[in-house]
Amino acid sequence: AHIERVSYEYLDIPMGVPPSSLDPRHTASRVAYQQRGGWCFQLCGAFASLLTTLGFRVTMHRATVRHSPDDNGAGAPVAHSPAALAQLNHLAVCVHLKEGRFLADVGLGDYAHGALKLEAGEAIAQPFKYAVEETEFGFRLQHDPINGRGFAYFDMVMDPPVTMAAFEEAHHRLSTARDSPFVGPVAVIRRTADTVYLLKRCTLTEISGATADDVTVDETVLDSEQQWWRCMHEVFHIHIPDGAARAALFQRCYADHLA
């Protein structure tokens, strides 16, 4: 329900808003009262707090998302090497049930629609397929290559679990550094049971299907401010009340689109 309603977005960065607080109460207010989404540190941190309040046993873990299948730089060094720790870019939420450990991730945009059991093997969530691999430091979770627009995999370090404080530096760095991928093209993502909606620059992509053998990819260019913000509101449930900020954000995305 959270994934279907709350979009993955980092619009504060291109709008020049200072990095927000990672206090779960701040993110909860942002989602509930401001019609906004967020990125992994915000959404996963608040979701972990919600689950804990509801009585679940929850732990948070350092993780590193990789975009290339050949990029093997993540993993165990995250827990031991300062240089590798600088590459930390994801917060993974683990829920401990009697049936086992589950990844409950609401901050990866186009990843699994529901909870994913942390055990080696293939996991099918139509129309996508994922793979879970046990490693010496925790788990490697492979994305479905059908998508082709998201990431390749992410590494999750199980020991030791951490608190929100472990992600403060990465949250600030990725929000402000010139070489951060989040200061580049604007992207917003929402996931339903069988469809991924991705708005990147001014192109809305819908990836859907009943099975992995029956996937369709539809693309629509939104080349007017009115179209773009209607999509943002109706598809992604995001609202920015400041008209000047809305106009500036669209113009930036449209310029990137033309370039």
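Here, the structure is the one placed above.
Cut-offs applied
Residues numbered from 1 in each chain as written. Predicted model: local features only at pLDDT ≥ 70, side-chain atom pairs only at ≥ 80, totals over all residues. Heavy atoms only, no water. Axes fitted to C-alpha atoms, helices over the stretch in contact; angles between N-to-C directions. Helix = DSSP H or I, 4+ residues; strand = E, 2+ residues; numbered from the N terminus. Parallel < 35°, antiparallel > 145°, perpendicular 65-115°, else oblique. Contact = heavy atoms within 4.5 Å. Nonpolar A, V, L, I, M, F, W, Y, C, P; charged D, E, K, R; others polar. Patch = residues over 30% accessible without salt bridge, like charges linked within 9 Å, V, L, I, M, F, W, Y side chains within 5 Å. Areas by Shrake-Rupley, 256 points an atom, 1.4 Å probe, with all protein chains shown as cover. Salt bridge = Lys/Arg side-chain N within 4 Å of Asp/Glu carboxyl O. Buried < 20%, exposed > 50% of the residue type's maximum accessible area, 1.4 Å probe, protein only. Arc of directions from axis to C-beta. Core = buried A, V, L, I, M, F, W, Y, C linked by side-chain atoms within 4.5 Å. Polar contact = N/O pair within 3.5 Å; in protein donor to acceptor, adjacent residues only side chain to side chain. Phe/Tyr/Trp six-rings, centres within 6.5 Å; stacked < 30°, edge-to-face > 60°. Pairing = 2+ DSSP bridges.

### So, the packing of helix α7 (residues 225-234) against helix α8 (residues 243-258)
A packed helix pair is summarised by two numbers, namely the angle formed by the two axes and the spacing between the axes.
Then step 1. Remark: α7 packs on α8, axes separated minimally by 10 Å, with the N-to-C direction vectors making an angle of 105°. Classified by the angle their axes make, α7 and α8 are roughly perpendicular. On α8, the residues that touch E225, W228 and W229 of α7 are R246, A247, L249, F250 and C253.
Then step 2. When its residues are assigned to classes, the contact of α7 with α8 shows six nonpolar, no polar and two charged.

### Some points on a nonpolar patch on the surface
Then step 1. On the surface, a cluster of nonpolar side chains totalling about 360 Å² of accessible area is made up of L50, L54, F56 and L97.
Then step 2. Its location among the elements puts L54 in the loop between α3 (40-53) and β1 (57-66).

### Here we look at α7
Then step 1. Looking only at α7, the buried set comprises W228, W229, C231 and M232. All buried residues of α7 fall inside an arc of 155° around its axis, so they share one side. Structural note: α7 exposes Q226 and E234 on the side pointing more than 90 degrees away from its buried face.
Then step 2. Contacts made by the buried residues of α7 are with β9 (187-191), β10 (195-200), β11 (203-209) and α8.

### Notes on the packing of helix α2 (residues 24-34) against α3
Then step 1. Following both chains from N to C, one finds α2 and α3 inclined at 105°, their axes separated by 8 Å at the closest point. As the angle between them shows, α2 and α3 are arranged roughly perpendicular. The segment α2 lies against α3, with P24, T27, R30 and V31 engaging Q42, L43, G45, A46 and S49.
Then step 2. For the contact of α2 with α3, the class distribution of residues is four nonpolar, four polar and one charged.

### Describing the nonpolar core
Then step 1. The biggest cluster of nonpolar side chains holds 53 residues, and the ones touching the most others in it are F41, L103, Y111, L141, F154 and M156.
Then step 2. No other element matches α3, which puts seven residues into this core.
Then step 3. Not counting residues within four places of it along the chain, the set of residues in contact with F154 comprises A63, T64, V65, H90, A92, L103, D105, L108, Y111, F139, R140 and L141.
Then step 4. If you look at the next biggest cluster of nonpolar residues, it comprises 19 residues, including L11, V188, W229 and F236.

### Remarks on the side chain of N89
Then step 1. Position of N89 relative to the elements: it lies in the loop between α5 (82-85) and β2 (90-97).
Then step 2. Within the local environment of N89, its side chain forms a polar contact with the backbone nitrogen of V65, the two atoms lying 2.6 Å apart.
Then step 3. In this structure, N89 is in contact with C40, F41, A63, T64, V65 and L174, ignoring residues within four places of it in sequence.

### Here's the deal with the packing of aromatic side chains
Then step 1. The tally for this structure, following the rule as stated, stands at 12 aromatic pairs.
Then step 2. Where Y8 meets Y10, the ring centres are 6.2 Å apart and the plane angle is 75°; that geometry is what we call edge-to-face. Of the two residues, Y8 and Y10, neither departs from the other in class, the shared state being buried.
Then step 3. Pairwise contacts between aromatic rings join Y8, Y10, W39, F41, F167 and F182 into one cluster.

### What about unusual backbone geometry?
Then step 1. Omega for the bond connecting D159 with P160 falls within 30 degrees of zero, at 5°, which places this linkage in the cis form.
Then step 2. Positionally, P160 belongs in the loop between β8 (153-157) and α6 (168-176).
Then step 3. Phi at H237 takes a positive value of approximately 60°, unusual for a residue other than glycine.

### Some points on the pairing of strand β12 (residues 215-221)
Then step 1. Where β11 lies against β12, seven bridges are found, and the strand directions are antiparallel. What sits directly across from L204, in β12, is T220.
Then step 2. What sits between β11 and β12 in their antiparallel hairpin is a turn of five residues.

### With respect to the sheet that holds β12
Picture the strands of a sheet paired through backbone hydrogen bonds; they go either parallel or antiparallel.
Then step 1. The strand order β9-β10-β11-β12 describes an open sheet built from four strands, whose pairing is antiparallel. Lying at the two open borders of the sheet, with one neighbouring strand each, are β9 and β12. Averaged over all pairs of adjacent strands, the angle between their axes in this sheet comes to 15°, without regard to strand direction.
Then step 2. Its contacts with the sheet put α7 on β9, β10, β11 and β12, and the angle it makes with β10 is roughly 145°.

### A closer look at the pairing of β8
Across a regular strand the side chains alternate sides, sitting on one face of the sheet and then on the other.
Then step 1. Of all five residues in β8, five are buried; the element is thus mostly enclosed.
Then step 2. Neither face of β8 is exposed, since Y153, D155 and V157 on one face and F154 and M156 on the opposite face are all buried.
Then step 3. Here strand β7 (residues 138-142) pairs with β8 via five bridges, running antiparallel. Its bridge partner being in β8, Q142 is matched across the sheet by Y153.

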